[in-house]
Amino acid sequence: MAIAATQTADGAAASERRGRQPLSFNIDVDMCVIGGGLAGLTLALESAKKGASVVLLESRHIGWNASGHNMGSVMPGYGVSVHDLIDRVGFDNTRELWALAQEGADYIRRTADAIGNVGLSEGALEVSTVDAGDKLIGRLQMLGDDFGTEVEGWQTDRVREALKTSRYFHAIHYPKAFQIDAAQYLQGLARLAEEAGVRIFENTPAVSIDPNGIRKRVVTPSARLRASHIVLAGNIHIGAPAMRLAGTLMPVWRYAAVTEPLGEALSDVIAYKGSVTDAGGVDHFRIVEGDRLMWASPETTWNARPQGFAWAIQRRIKTVFPPLGDVKIDRVFGGTFGQTVHGMPQIGRLRPGLWVVSGFGRQGLNTSSMGGDLISRSILWGDDRWKLFSPFELVWAGGVGGRVVGQVTGSLSRGVAAAAGTLARWREQARQREQARERMRETRIIAARVRSEQAAQRAAQLRQAQERIELNRIEGERMSQDEDAA
Ligand SMILES: Cc1cc2nc3c(=O)[nH]c(=O)nc-3n(C[C@H](O)[C@H](O)[C@H](O)COP(=O)(O)OP(=O)(O)OC[C@H]3O[C@@H](n4cnc5c(N)ncnc54)[C@H](O)[C@@H]3O)c2cc1C
């Protein structure tokens, strides 16, 4: 198995990366954004476009973590089900939150257009690993009628025409979802931000902040900064400047691989061009670069070498699509995202002049873009829709103990999803076996019926023949009597 040295989702974007200088002088600005991922860069770009002077501090380099190493699928909504949201904040607020998430997706589409060349492709399929078509109809109606999301229900036959595997049943098709090359998008976003006037400093961690007073202070290893607003967009790595905030996120490492070119074997089993996720949250894959497969599934709550998961991903691909066999893995990559206890992102004001955009979890493309754009509007234009996120408080995620629990419950729920899938496939096979048995029973009954009908027919024919013989005999006797008489 060949594994390239790069850990990036896209090697080209990594090589295009240009180094930026660390901050080495004191500076006064309107806004200091801490963290150069999708959330921080979107916020910095939108604030500079509105006329603010903005500095963005990045402790390593732009795109080294999740924002530059993900599957690039832009989906509607959040990583939390719409039913859970309604339970928590009611129907009307859920609709508003849903509309905001859609604004995030629309934002990425517009910005991808402005950046150009980010490999945008359309459509996403959420496949069910259990045979539960009735539940699907309810969800489709709610998403379509109540939340204005374009959705289609796909029956199992249609799903299996697009994806040649018996593991999937029904699906929800999102024709307006799309995917991008995440690394190219992020580098493009940084370029747009700089063109709009944002000053980005790499290798510059914010080591402490003082959010008191009108002018807040940020300390970096070799300079100090003063700003009217500080935005914490550091995901799980925020560290010392906001230890309490860091404690509200459970870090999850997710790993993905890109195969070597698979030629026609790939299009024989996967005829769908968009991205595919299973409803149990186990697998996520899509075709990239024509005939390669990009596949994510393993997760840990500790930092592991992505290369160590090449074999697991190879095995997973073979399990779902046996005809592909042992595919060759070209590169493996991974990143960390922060998972909140309630599953919703942390978006809002912590105190006057101190803001947070973080905790985007597995679905962080539309949501982090929306969060960045929304907080920029809040700070500069007074948009107060960030209050919609207030019911999702900062809840302690449980530190190291929480991670262990997270790993166990994560594996359990993914294990439960996998077990449910196995059960559904077993049920389907049992149903098929039962149907075959039923067909055989019917065939036997028909054959017996035919045999008895044929026997009855033959008996009738025999009887008729005997009657004919008897009649002939009687007729013959009558004729010979007539002849004798004559
Ligand atoms: C393998 C994988 C696949 C994924 N696929 C998808 C997908 O298909 N669709 C989807 O919607 N989501 C996906 N996600 C999730 C998504 O990538 C993340 O939710 C999102 O990128 C998080 O963005 P962010 O800006 O919050 O965090 P990050 O990308 O982590 O950026 C935060 C940045 O802040 C910097 N920072 C932190 N603290 C400091 C400090 N004190 N000083 C200076 N800088 C600091 C960090 O160095 C980092 O660069 C995936 C994630 C992974 C790992």
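Numbering of residues starts from 1 in every chain and runs along the sequence as written. Given that the model is predicted, a residue must reach a pLDDT of at least 70 before its local features are reported, and side-chain atom pairs must reach 80 or more before they are shown or counted; all residues, however, enter totals for whole chains, interfaces and linings. By convention in this description, side-chain values take in all heavy atoms of the structure and omit both hydrogens and water.

### Focus: the overall build of the protein
Stage number 1. In terms of regular secondary structure, the protein is built from twelve helices and 17 strands.
Stage number 2. Each residue is assigned to one of three classes by its accessible area relative to the maximum for its type, calculated with a 1.4 Å probe on protein chains only: buried under 20%, partly exposed between the two thresholds, exposed over 50%. When burial is assessed residue by residue, the protein has 51% of its 486 residues classed as buried.
Stage number 3. Contacts are assigned to residue pairs that have any heavy atoms within 4.5 Å of one another. Partitioning the contacts of the protein with sequence separation of at least 6, the portion at a separation of at least 24 is 76%.
Stage number 4. Only the protein chains shown count as cover for residues, and the accessible areas themselves come from Shrake-Rupley with a 1.4 Å probe. For the protein, the computed accessible surface area is about 23000 Å², with 52% contributed by carbon and sulfur atoms. What counts as a helix is a DSSP run of H or I of at least four residues, what counts as a strand is a run of E of at least two, and both are numbered from the N terminus.

### Some words on the site of the ligand
Stage number 1. Whether a residue is near a molecule or strand is decided by its heavy atoms; if any one of them lies within 4 Å of it, the residue is near. The ligand sits among 36 residues. The nearest are E58, N65, S67, G361 and R362.
Stage number 2. Contact distances for the ligand include 3.0 Å between a nitrogen atom and a backbone N or O atom of A206.
Stage number 3. Relative to its unbound accessible surface of 1000 Å², the ligand loses 98% to contact with the protein.
Stage number 4. When contributions to the shell around the ligand are tallied by element, the ones reaching two or more residues are α2 (38-49) and β15 (329-339).
Stage number 5. Each residue is assigned to one class: nonpolar for Ala, Val, Leu, Ile, Met, Phe, Trp, Tyr, Cys and Pro, charged for Asp, Glu, Lys and Arg, and polar for all the others, Gly among them. When the residues that make up the shell around the ligand are grouped by side-chain class, the tally is 14 nonpolar, 19 polar and three charged. Here a polar contact is taken to be a pair of N or O atoms separated by no more than 3.5 Å, where protein atoms must pair a possible hydrogen donor with a possible acceptor and residues adjacent in sequence count only if both atoms sit in side chains.

### Side note on the packing of aromatic side chains
One pair of aromatic rings is described through two measures. These are the centre distance and the angle between the planes.
Stage number 1. Under the pairing criterion, centres of Phe, Tyr and Trp rings, with the six-membered ring standing for Trp, must be within 6.5 Å; the plane angle then separates stacked pairs below 30 degrees from edge-to-face pairs above 60, leaving the rest tilted. Counted by the stated rule, this structure contains eleven aromatic pairs.
Stage number 2. Here the aromatic rings of Y78 and F389 are separated by 6.3 Å at their centres, their planes lie at 65°, and the arrangement is edge-to-face. Note that Y78 is positioned in the loop between β3 (73-74) and α3 (82-89) and F389 in the loop between α11 (365-381) and α12 (399-485), a separation of 311 residues in sequence.
Stage number 3. Judged by relative accessible area, which is 2%, F389 ranks as buried.
Stage number 4. Ring plane angle 85° and centroid distance 5.9 Å describe the contact between W355 and W386, whose orientation is recorded as edge-to-face. Residue W355 is located in strand β17 (residues 354-358), and its partner W386 is located in the loop between α11 and α12; the two are separated by 31 residues in the primary sequence.

### Side note on the pattern of salt bridges
Stage number 1. Salt bridges are defined by distance alone: a side-chain nitrogen of Lys or Arg within 4 Å of a carboxyl oxygen of Asp or Glu. Evaluation of the coordinates by the stated rule reveals 19 salt bridges.
Stage number 2. Taking the shortest distance from any N to any O, the salt bridge between R20 and E202 comes out at 3.2 Å. Of the two residues, R20 is situated in the loop between α1 (11-16) and β1 (27-34) and E202 in the loop between β7 (199-201) and β8 (208-210); the sequence distance between them amounts to 182 residues.
Stage number 3. Assessed through its relative accessible area of 9%, R20 is described here as buried.
Stage number 4. The exposure class assigned to E202 is buried, which follows from its relative accessible area of 3%.
Stage number 5. Here K176 makes a salt bridge to E150, at a shortest N to O gap of 3.0 Å. Here K176 is found in strand β6 (residues 171-179), whereas its partner E150 is found in the loop between α5 (133-146) and β5 (152-154), with 26 residues between them in sequence.
Stage number 6. Overall, K176 belongs to the exposed group, its relative accessible area being 51%.
Stage number 7. For E150, a relative accessible area of 43% translates into the label partly exposed.

### What about the environment of F337?
Stage number 1. Secondary-structure assignment places F337 in strand β15.
Stage number 2. On a C-alpha basis, the gap between F337 and L249 in space is 8.8 Å, while along the polypeptide they are 88 residues apart.
Stage number 3. Contacts of F337, omitting those with residues within four sequence positions, involve N235, I236, M250, P251, V252, R254, E299, G361 and R362.

### Regarding the packing of α3 against helix α4 (residues 91-115)
Stage number 1. Interhelical geometry of α3 versus α4 gives an angle of 130° and a closest axis separation of 7 Å. By the angle class used here, α3 and α4 are oblique. Handedness of the α3/α4 crossing: right-handed. Residue-level contacts link V82, L85, I86 and V89 of α3 to F91, N93, T94, L97 and W98 of α4.
Stage number 2. Among the residues making up the contact of α3 with α4, the classes are represented as seven nonpolar, two polar and no charged. Interaxial angle, 0 to 180 degrees, is taken between N-to-C directions of lines fitted to C-alpha atoms, where a helix line uses only the stretch in contact. If an angle is under 35 degrees, it is roughly parallel; if it is over 145, roughly antiparallel; if it lies from 65 to 115, roughly perpendicular; otherwise it is oblique. The hand of a helix crossing depends on one turn: near helix anticlockwise from the far one by less than a right angle means left-handed, and clockwise means right-handed.

### Some points on the environment of L380
Stage number 1. Tracing the backbone through its elements, the reader meets L380 in helix α11.
Stage number 2. Accessibility expressed as a relative area gives 33% for L380, which makes it partly exposed.
Stage number 3. Spatially, the C-alpha atoms of L380 and E46 are 9.9 Å apart, while their sequence positions differ by 334 residues.
Stage number 4. If we skip the residues at most four places from it in the chain, L380 touches M31, S47, K50 and A52.

### Re the nonpolar core
Stage number 1. What makes a nonpolar core is a set of buried Ala, Val, Leu, Ile, Met, Phe, Trp, Tyr and Cys residues whose side-chain atoms join them at distances within 4.5 Å. Counting 67 residues, the largest nonpolar core has Y78, L97, I180, Y185, I347, V357 and F389 as the members making the most contacts within it.
Stage number 2. Of the residues forming this core, the biggest block, nine residues, is contributed by α4.
Stage number 3. Listed in part, the 28 residues of the second largest apolar core include A257, F285, L293 and V332.

### Points about unusual backbone geometry
Stage number 1. Residues other than glycine seldom take positive phi values, yet N235 does so here, at roughly 55°.
Stage number 2. Along the chain, the position of N235 falls in the loop between β10 (223-232) and α8 (243-246).
Stage number 3. Here the phi dihedral of E289 falls at roughly 50°; this positive angle occurs in a residue that is not glycine.
Stage number 4. Along the polypeptide, E289 turns up in the loop between β13 (284-288) and β14 (292-300).

### Here's the deal with the side chain of T111
Stage number 1. Residue placement: T111 occurs in helix α4.
Stage number 2. When residues no more than four places from it in sequence are discounted, the contact partners of T111 are Y185, L189 and L192.

### Focus: the side chain of E299
Stage number 1. Looking at where E299 falls in the secondary structure, it is placed in strand β14.
Stage number 2. On the basis of relative accessibility, which here comes to 14%, the residue E299 falls in the buried class.
Stage number 3. Of note is the side chain of E299, whose polar atom sits 2.7 Å from the side chain of R254.
Stage number 4. In this structure the side chain of E299 is engaged in a polar contact, spanning 2.8 Å, whose partner is the side chain of R362.

### Some details on the pairing of strand β11 (residues 250-259)
Stage number 1. Counting buried positions over the ten residues of β11 gives ten, a clear majority of the element.
Stage number 2. With burial as the criterion, each face of β11 is covered, one bearing M250, V252, R254, A256 and V258 and the other bearing P251, W253, Y255, A257 and T259.
Stage number 3. Between any two strands, at least two bridges found by DSSP are needed for them to pair. The sheet contact formed by β11 and β15 spans ten bridges and is antiparallel. Bridge pairing in β15 places Y255 opposite G334.
Stage number 4. The pairing of β11 with β14 spans five bridges and is classified as antiparallel. Counted as the bridge partner of A257 is W295 from β14.

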